[in-house]
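Fold and geometry: a report
The chain contents come next:
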There are 2 protein chains.
Amino acid sequence: MSLTHLQSFVAVAEEGHVGRAARRLHLSQPPLSRHILALEDELGTRLFERTSRGMRLLPAGEAFLCHARRILAEVDAAVLAVRGLGADRTDH
Amino acid sequence: MSLTHLQSFVAVAEEGHVGRAARRLHLSQPPLSRHILALEDELGTRLFERTSRGMRLLPAGEAFLCHARRILAEVDAAVLAVRGLGADRTDH
DNA sequence: ATGTGTTACGAGCCACGTAACAATT
DNA sequence: AATTGTTACGTGGCTCGTAACACAT
């Protein structure tokens, strides 16, 4: 699992559509589709139902979505927390 | 930034030593050292003080460590949350 | 000289994009 | 036929490990 996979998952979950999510991520469809497949494979669970119109979240996907968002938000928070402590003071 | 980099950072922070952390991660020193350097480069901040005995966390590193641990814990939680919802029930 | 982290460099893997495919409407 | 997601396949880049390095003790 990678942060990229999580970002891909959230984008597809929100768009309900691999094509649109790919445009939003500045990526082509195949890699994005592979991200989702890899994630599902790694988790051992399908996250989306494939319809002829796009992708709809399954219950496992909805559960995972909350966690994925929290993780990505925490990453942003981590970056922000460190910016501003740039000086290499040893702080004793 | 990648989850691998975060795992590497936590290991080095806990061991205070790239060599020991590398053994713990079943990795050789150079890639691990590069993970830390890449992280510092991406964050624009030094996270460790290099001593002749090893690596000691700087204030920015200590701040980042909390976040890194939380992120990794959340990843584990996300995986556990999905395991057990394996059946593709549509749940309405 | 021993032990630390880092840089050079070559090889293998990974992930992208284009193109072709499968399937539904 | 048009629109969806997926698979094939080749190329570029990334990342590993070995070896060589720089520095301190």
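For clarity, every value in this text was computed on a predicted model and none was experimentally measured.

1. Observations regarding the interface of chain B and chain A
- Contact with chain B, which involves 30 residues of that partner, is made by 30 residues of chain A.
- Buried area between chain B and chain A, both sides added, is near 2700 Å², and the carbon and sulfur share of it is 71%.
- Note that Arg70(A) is salt-bridged to Glu74(B), the shortest N-O span being 2.9 Å.
- One can count eight residue pairs in polar contact (both at pLDDT 80 or more) joining chain B with chain A.
- Contributing elements (two or more residues each) for the side of chain B that touches chain A: helix 3 (29-43) and helix 4 (59-82) of chain B.
- The greatest single-element share of the side of chain B that touches chain A, amounting to 14 residues, is contributed by helix 4 of chain B.
- Broken down by class, the residue content of the side of chain B that touches chain A amounts to 16 nonpolar, five polar and nine charged.

2. Things to note about the confidence of the model for chain A
- Residues at a pLDDT of 70 or more form 92% of chain A, whose mean pLDDT is 93.
- Of the regions scoring below 50 in pLDDT, residues 88-92 of chain A engages in eight contacts with residues more than four places distant in sequence or in other chains.

3. Quick notes on the relation of the copies chain B and chain A
- With an RMSD of 0.0 Å, the operation that places chain B on chain A is a rotation of 180° combined with a shift of 0.0 Å along the axis. What we have between these two chains is a two-fold relation.
- The residues that chain B uses at the interface reappear at the interface of chain A in 100% of cases, marking a shared surface.

4. Focus on the protein's contact with DNA strand C
- Around DNA strand C, the surrounding shell holds 19 residues, and the nearest of these are Ser28(A), His17(B), Val18(B), Ser33(B) and Arg50(B).
- The contact atoms of DNA strand C, taken as those within 4 Å of the protein, divide so that sugar and phosphate hold 69%.
- Taking Arg34(A), its side chain carries an N or O atom lying 3.1 Å from a base oxygen of DNA strand C.
- Between DNA strand C and His17(B) there is a distance of 3.5 Å, counted from a phosphate oxygen to a side-chain nitrogen or oxygen.
- Taken together, the residues that form the surface near DNA strand C break down as seven nonpolar, eight polar and four charged.

About the cut-offs
What you see as residue numbers is a count from 1 along each chain, following the sequence as written. Just so you know, chain letters begin at A and ligand numbers begin at 1, following the order they were written in. Restriction of local features to residues with pLDDT of at least 70 applies here, the model being predicted, together with a cutoff of 80 or more for giving and counting side-chain atom pairs; totals for whole chains, interfaces and linings are based on all residues. Hydrogen atoms and water are omitted, and side-chain values are computed over all heavy atoms in the structure. For this analysis, residues touch if any pair of their heavy atoms sits within 4.5 Å. Once two parts are brought into contact, the accessible area they lose, counted with a 1.4 Å probe and summed over both, makes up the buried area. Counted as salt bridges are all cases of a side-chain nitrogen of Lys or Arg within 4 Å of a carboxyl oxygen of Asp or Glu. The definition of a polar contact used here is a pair of N or O atoms within 3.5 Å, where within protein one atom must be able to donate a hydrogen and the other to accept one, and adjacent residues in sequence count solely through side-chain atom pairs. The helix count covers DSSP runs of H or I at least four residues long, the strand count covers runs of E at least two residues long, and both are numbered beginning at the N terminus. All amino acids are sorted into three groups, where Ala, Val, Leu, Ile, Met, Phe, Trp, Tyr, Cys and Pro are nonpolar, Asp, Glu, Lys and Arg are charged, and the leftover types, Gly among them, are polar. The quantity called pLDDT is the predictor's confidence in a given residue, expressed from 0 to 100. C-alpha atoms of residues with pLDDT of at least 70 in both copies form the basis for the least-squares superposition of the copies. Being near a molecule or strand, for a residue, means having at least one of its heavy atoms within 4 Å of it.

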